[in-house]
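# Structural characterization, general
Here is how the chains run, residue by residue.
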Amino acid sequence: MAGGFFNEMVDSDGVVRSHYARFAEWLQDTPSERVARKRAEADTLFHRVGITFAVYGEEEGTERLIPFDIVPRILPAAEWNALSAGLRQRVKTLNLFLHDIYHGQEILKAGRVPADHVLKNAQYRPEMQGLDVPNGIYAHVAGVDIVRAGQGEFYVLEDNLRVPSGVSYMLEDRKMMMRLFPELFARYSVAPVEHYPDMLLDSLLSISPKGVADPVVVVLTPGAYNSAYFEHAFLAQQMGVELVEGQDLFVRSDVVYMRTTQGPRRVDVIYRRVDDDFLDPLVFRKDSKLGVPGLLSAYRSGNVTLCNAIGTGVADDKSIYPYVPEMVRFYLGEEPLLNNVPTYMLRKPDDLKYVQAHLPELVVKEVHGSGGYGMLIGPASSKAQIEDFRKRIEAAPEKYIAQPTLSLSACPTFVESGVAPRHIDLRPFVLSGREINMVPGGLTRVALSEGSLVVNSSQGGGTKDTWVLEN
Amino acid sequence: MLSRTADHLYWMARYTERAENVARMLDVNFRMSLLPQTPEQIEQGWGAVLGVNGLQDAYRELHGTVTPEKVVRYMVFDRDNPSSIYSCLLASRENIRAVRGSVTSEMWEMQNSTWLEFRALDPEKVLGSDIGEMFEWVRHRSHLSRGVTVGTMLQDEDFRFIRLGSFLERADNTARILDVKYQAIELGAKEGDAASEYYQWSALLRSVSGFAAYRKVYRDLITPRRVAELLVLRADMPRSLARSMKEVYTNLTQVANRQSGETERRAGELYTSLRFGRIEDIFDVGLHDYLTAFLGKTDDLGDRIAQDFLVPVLAD
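Residues numbered from 1 in each chain as written. Chains lettered and ligands numbered in written order. Predicted model: local features only at pLDDT ≥ 70, side-chain atom pairs only at ≥ 80, totals over all residues. Heavy atoms only, no water.

## Quick look at the pattern of salt bridges
- For the coordinates displayed, the defined rule picks out 53 salt bridges over all chains.
- The salt bridge involving Arg148(A) is made with Glu79(A); its shortest N-O contact spans 3.2 Å. One end of the pair, Arg148(A), is in strand E4 (residues 141–149); the other, Glu79(A), is in helix H3 (residues 77–101), with 69 residues separating them in the sequence.
- Overall, the relative accessible area of 23% leaves Glu79(A) in the partly exposed class.
- As a salt-bridge pair, Asp281(B) and Arg278(B) come within 3.3 Å of each other at their nearest N and O atoms.
- Since its relative accessible area comes to 35%, Asp281(B) is described here as partly exposed.
- Salt bridges sharing common partners tie together Glu17(B), Glu20(B), Arg24(B), Arg146(B), Arg170(B) and Arg239(B). (Salt bridge = Lys/Arg side-chain N within 4 Å of Asp/Glu carboxyl O. Helix = DSSP H or I, 4+ residues; strand = E, 2+ residues; numbered from the N terminus. Buried < 20%, exposed > 50% of the residue type's maximum accessible area, 1.4 Å probe, protein only.)

See below:
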């Protein structure tokens, strides 16, 4: 199974890698009818349990499943250890960066990151300037997207520091695998992930405003029609805290309360899954019905902690991304452990010229885009699509970056024609509170169409259980 | 607990109960339609189903004449009819979905499966052959919903609001069924057909699972007065007004807050009047008038519960 990409299961000589050997054996020994039955069972269970996402514009009472693939993505302990060390370093750096730009801006003064990239960025929030947040942590929950390319080297594709989602699928995928194929877990010693909600709660409790003895934590959701609602409800339930909507909260004298059947109750920590723009109609978008009027003022008074902090988006912006390795050197005096994908900034004339000459080979992304929308994958696009994009770039080059098309690694996946390699990525979830914590692995997303590199669920991507092996 | 959570749980329970009672009523009519009946009786029976739900006018505007098939379709599958089984099950499911983290996973999965199974039904097929089976299924799902609630849920405030919703809705529904059917049977009775009357009364009893209970309690002929007594005053009859109000009152006292005193008092007063009431006195007033007044009181309780607990108000 060659084809110019790293195959997670089989090496270039067609030999099954040692960490996949027992799985390959199992797959061979298991009658295909049983596998097919189990796959159907998984679908039914996901529907019944309602592990679904709502699609905007579809009828009430209908939600879609994110396709679940039963072939696990397996990472040997050593690979994970190297990766997690890199993730710690990177997230630590990004939090230092956020603290710096909202305080002394040393990195800008030193000229290591161009000041206008930061200060003119829409995600830079002047409201945060000079504000001290508990433990100096801004991105308490980070979902860093990792891909493997070339001979299997890891690259960071994106740092998601705003409201990264997907962790519930990581947990439900594991539960599903254990339910469907318990025998596999007898063959493998797989590092557990089930304690993630406990770790998250611990992180949230550790950042409560000073002097609060028994902090009240809530999860703030945009509501049942948000595509990630399942995850919000799931995390609140698993942590044993209230799931609130903006309408359930109000602010009085800079203190946040929730409306309960027994009257108002004070709230200390808000794990918010609502974007900055919608958090407080008095300060951000006036038309937001999802937020809480006065929340920012309560936050600035130090009476409530928001997780993640406001204004983290400036550090995961695609225009800032190219500078992360430089940040590692600046703040930690270390060499970055994780690779960045080489990135062309189209605002730079030289880069623009190169990209224009090489469009069919490159991936071009909108600086502020996400979810796999608004991007061009050169090698997979028609001439017309490329020309269309060329015009968009020429009209506003500063809105775009470009990267070489990475040949993402692939993992065997059940598809209509049987089992075939499909491209995958990995989103580990990194928690920062008193210390940096993560559960081994993360969410593996898989692009189900042959050759596709887009793994986003909104674009038809699926998920796999991710196994980090214990030595 | 959050007021909004209480609101969703309360309405989830009310809609589940309502779906069950709609199915019960339709089922009784369906069974009666298997007996020899005059066309007037048939129309009267199906019209009554609409009457119970206050839907005569809305229905006539859409469909004109009352035929069994059209009424069943309207009361089961019509998405625009807010009292159809479709609408009740959807509302119930959307309410629990909004607070799925507050209920046990078994409750959510059960309620979600109900909706998924119902949505997968082919209306033409159901209407064509196994309509009785479908009514039974709705009843069973409602039993299951109650069972999984009682069997898996922590008996905290969340639980109380679910119970409150179930029993307030049941009090309302039983009163409506009794009122409409009673009037209908009385009308028919003037024609003096004793056999038909017997079937009408036993159908009414069956619609509230009260036939065997009646036999057990009275060990005698079915008389209108006793049927009314069973469904209004007997606190040991699970679907009676007395029983339902007892549960409403008990659950209310357990969620009481600083502003709910008057609501509690009114619920207690209503329950006590049933607890110590006499059927003779009710018939002196007239059953219809009595039930109309009762429905006014349950409506008032519903409004007060919303005011005291469910509507997010700025109170200290």
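## Thoughts on the interface of chain A and chain B
- Contact with chain A, which involves 29 residues of that partner, is made by 37 residues of chain B.
- Between chain A and chain B, roughly 2700 Å² of surface is buried when both sides are summed, and carbon and sulfur atoms account for 43% of that area.
- Interface area lost by chain A to chain B is led by Arg48(A), Arg259(A) and Thr261(A), which between them contribute 24%.
- Where chain A touches chain B, the interface holds three salt bridges.
- At the boundary of chain A and chain B, one finds 21 residue pairs in polar contact (both at pLDDT 80 or more).
- Where the side of chain A that touches chain B is concerned, the elements lending two or more residues are helix H2 (32–49), helix H9 (229–239), strand E7 (242–244), strand E8 (249–252) and strand E9 (255–260) of chain A.
- If you tally residues by element for the side of chain A that touches chain B, the top one is H9(A), at four residues.
- The residue makeup of the side of chain A that touches chain B, split by class, is 11 nonpolar, nine polar and nine charged. (Contact = heavy atoms within 4.5 Å. Buried area = accessible area lost by both parts, 1.4 Å probe. Polar contact = N/O pair within 3.5 Å; in protein donor to acceptor, adjacent residues only side chain to side chain. Nonpolar A, V, L, I, M, F, W, Y, C, P; charged D, E, K, R; others polar.)

## Side note on the layout of surface pockets
- Looking at the second largest pocket, its volume works out to about 530 Å³.
- Looking at the second largest pocket, it is lined by 30 residues, and the ones nearest its centre are Gly240(A), Val241(A), Glu242(A), Ser102(B) and Asp158(B).
- Elements supplying a minimum of two residues to the lining of the second largest pocket: helix H8 (196–206), H9 and E7 of chain A together with helix H1 (3–32) of chain B.
- No other element matches the five residues that H9(A) contributes to the lining of the second largest pocket. (1 Å grid on protein atoms, 1.4 Å probe; cavity = no way out; pocket = protein on both sides within 12 Å on 5 of 7 lines; lining within 4 Å. Points joined across faces, edges and corners; volume = space filled by probe spheres on them.)

## Observations regarding the side chain of Ser409(A)
- Locating Ser409(A) in the fold gives a position in the loop between strand E17 (400–404) and strand E18 (410–415).
- With residues up to four places along the chain from it excluded, the contact list for Ser409(A) reads Phe6(A), Glu8(A), Arg148(A), Arg422(A), His423(A) and Ile424(A).

## Points about the sheet that holds strand E10 (residues 263–266) of chain A
Residues and elements named next belong to chain A.
- Reading across the sheet, the three strands line up as E8-E9-E10 and stay open at both edges, with antiparallel pairing between neighbours. Both outer strands of the open sheet, E8 and E10, are each paired with one neighbouring strand and no more. Each adjacent strand pair in this sheet contributes to an overall mean axis angle of 40°, direction not counted.
- For E8 and E9, the ladder comprises four bridges, and the chain directions are antiparallel. Along E9, the bridge assignment pairs Val251 with Val256. (Pairing = 2+ DSSP bridges. Axes fitted to C-alpha atoms, helices over the stretch in contact; angles between N-to-C directions.)

## Focus: helix H16 (residues 287–310) of chain B
- Counted at 1.5 Å a residue, the expected span for H16(B) with its 24 residues is 34 Å, and the 33 Å between its end C-alpha atoms agrees.
- Regarding H16(B), the residues found buried are Leu287(B), Tyr290(B), Leu291(B), Phe294(B), Leu295(B), Thr298(B), Leu301(B), Gly302(B), Ile305(B), Asp308(B), Phe309(B) and Leu310(B). (Expected span 1.5 Å × (residues − 1).)

## Topic: the nonpolar core
All names here are of chain A.
- Counting 71 residues, the largest nonpolar core has Ile270 and Tyr299 as its most contacted members.
- Of the residues forming this core, the biggest block, eight residues, is contributed by H3.
- Residue-level mapping places this core at the junction of two domains, with at least three residues from each of domain 1 (18–209 + 304–338 + 407–468) and domain 2 (342–404).
- Excluding residues that lie within four positions of it along the chain, Ile270 makes contacts with Val218, Leu220, Leu249, Val256, Leu295, Val304, Thr305, Leu306 and Cys307. (Core = buried A, V, L, I, M, F, W, Y, C linked by side-chain atoms within 4.5 Å. Domains from an automatic or database assignment.)

## Some remarks on the domain arrangement of chain A
All names here are of chain A.
- Under the domain assignment, chain A is made up of domain 1 (18–209 + 304–338 + 407–468) and domain 2 (342–404).
- Put simply, the middle of domain 1 and the middle of domain 2, counted by C-alpha atoms, are 25 Å apart.
- With 15 residues of domain 1 in contact, the opposing surface of domain 2 contributes 16 residues.
- Summed over both partners, the interface of domain 1 with domain 2 buries about 1300 Å², with 56% contributed by carbon and sulfur atoms.

## Details of the environment of Phe23(A)
All names here are of chain A.
- Note on placement: Phe23 falls in helix H1 (residues 21–29).
- The buried category is assigned to Phe23, whose relative accessible area is 0%.
- Excluding residues within four positions of it along the chain, Phe23 makes contact with Met9, Ile70, Val71, Pro72, Ile74, Leu184 and Tyr188.

## Focus: the packing of helix H5 (residues 85–98) of chain B against helix H6 (residues 105–119) of chain B
Residue and element names in this part refer to chain B.
- Close contact between H5 and H6 brings their axes to 10 Å; oriented N to C, the two are set at 145°. Between H5 and H6 the crossing geometry is left-handed. From H5, Ile85, Tyr86, Leu89, Leu90, Ser92, Arg93, Ile96 and Arg97 reach across to H6, where they touch Met107, Trp108, Gln111, Asn112, Thr114, Trp115 and Phe118.
- Grouping the amino acids of the contact of H5 with H6 by side-chain chemistry returns nine nonpolar, four polar and two charged. (Left-handed = near helix turned anticlockwise from the far one by under 90°.)

## Remarks on the sheet that holds strand E16 (residues 375–377) of chain A
Residues and elements named next belong to chain A.
- Overall, antiparallel pairing links the four strands, which are arranged E14-E17-E15-E16 in an open sheet. Since the sheet does not close on itself, it has two edges, and those belong to strand E14 (344–345) and E16, each with one partner.
- The pairing of strand E15 (residues 362–366) with E17 spans five bridges and is classified as antiparallel. Bridge pairing in E17 places Val364 opposite Ala402.
- Set on the sheet, helix H14 (residues 383–395) makes contact with E15, E16 and E17; between it and E16 the angle comes to about 135°.

## Side note on the packing of helix H13 (residues 241–255) of chain B against H16(B)
Residues and elements named next belong to chain B.
- Two elements in contact, H13 and H16, have axes whose closest approach is 13 Å; the angle formed by their N-to-C orientations is 20°. By the angle class used here, H13 and H16 are roughly parallel. Crossing angle aside, the handedness with which H13 passes H16 is left-handed. Facing H13, whose interface residues are Leu241, Met245, Leu252 and Val255, H16 presents Leu291, Phe294, Thr298, Leu301, Ile305 and Phe309. (Parallel < 35°, antiparallel > 145°, perpendicular 65-115°, else oblique.)

## What to know about the environment of Ala410(A)
Residue and element names in this part refer to chain A.
- Structurally, Ala410 can be placed in strand E18.
- With a relative accessible area of 0%, Ala410 lands in the buried category.
- Apart from the residues within four sequence positions on either side, Ala410 is in contact with Phe5, Phe6, Asn7, Glu8, Pro421, Arg422 and His423.

## Here we look at the packing of aromatic side chains
- This model, assessed by the stated rule, comprises 28 aromatic pairs over all chains.
- Between Tyr10(B) and Trp11(B) the ring centres are 5.4 Å apart and the planes differ by 85°, which places this aromatic pair in the edge-to-face class.
- For Tyr10(B), a relative accessible area of 1% gives the class buried.
- Residue Trp11(B) is classed as partly exposed on the basis of its relative accessible area of 26%.
- Taken together, the ring pairs connect Phe77(B), Tyr86(B), Trp115(B), Phe118(B) and Trp137(B) into an aromatic cluster.
- The ring of Tyr188(A) has Arg22(A) lying over it, and the distance from NZ or CZ to the ring centre is 4.6 Å.
- A cation sits over an aromatic face here: Arg225(B) above Phe283(B), 4.5 Å from the ring centre. (Phe/Tyr/Trp six-rings, centres within 6.5 Å; stacked < 30°, edge-to-face > 60°. Lys NZ or Arg CZ within 6 Å of the ring centre and 35° of its normal.)

## Things to note about a nonpolar patch on the surface
Residues and elements named next belong to chain B.
- Together, Leu35, Tyr198 and Tyr199 give the surface a local cluster of nonpolar side chains, amounting to about 260 Å² of exposed area.
- Summarising the element assignment, Tyr198 is placed in helix H10 (residues 194–207).
- For Tyr198, a relative accessible area of 32% gives the class partly exposed. (Patch = residues over 30% accessible without salt bridge, like charges linked within 9 Å, V, L, I, M, F, W, Y side chains within 5 Å. Areas by Shrake-Rupley, 256 points an atom, 1.4 Å probe, with all protein chains shown as cover.)

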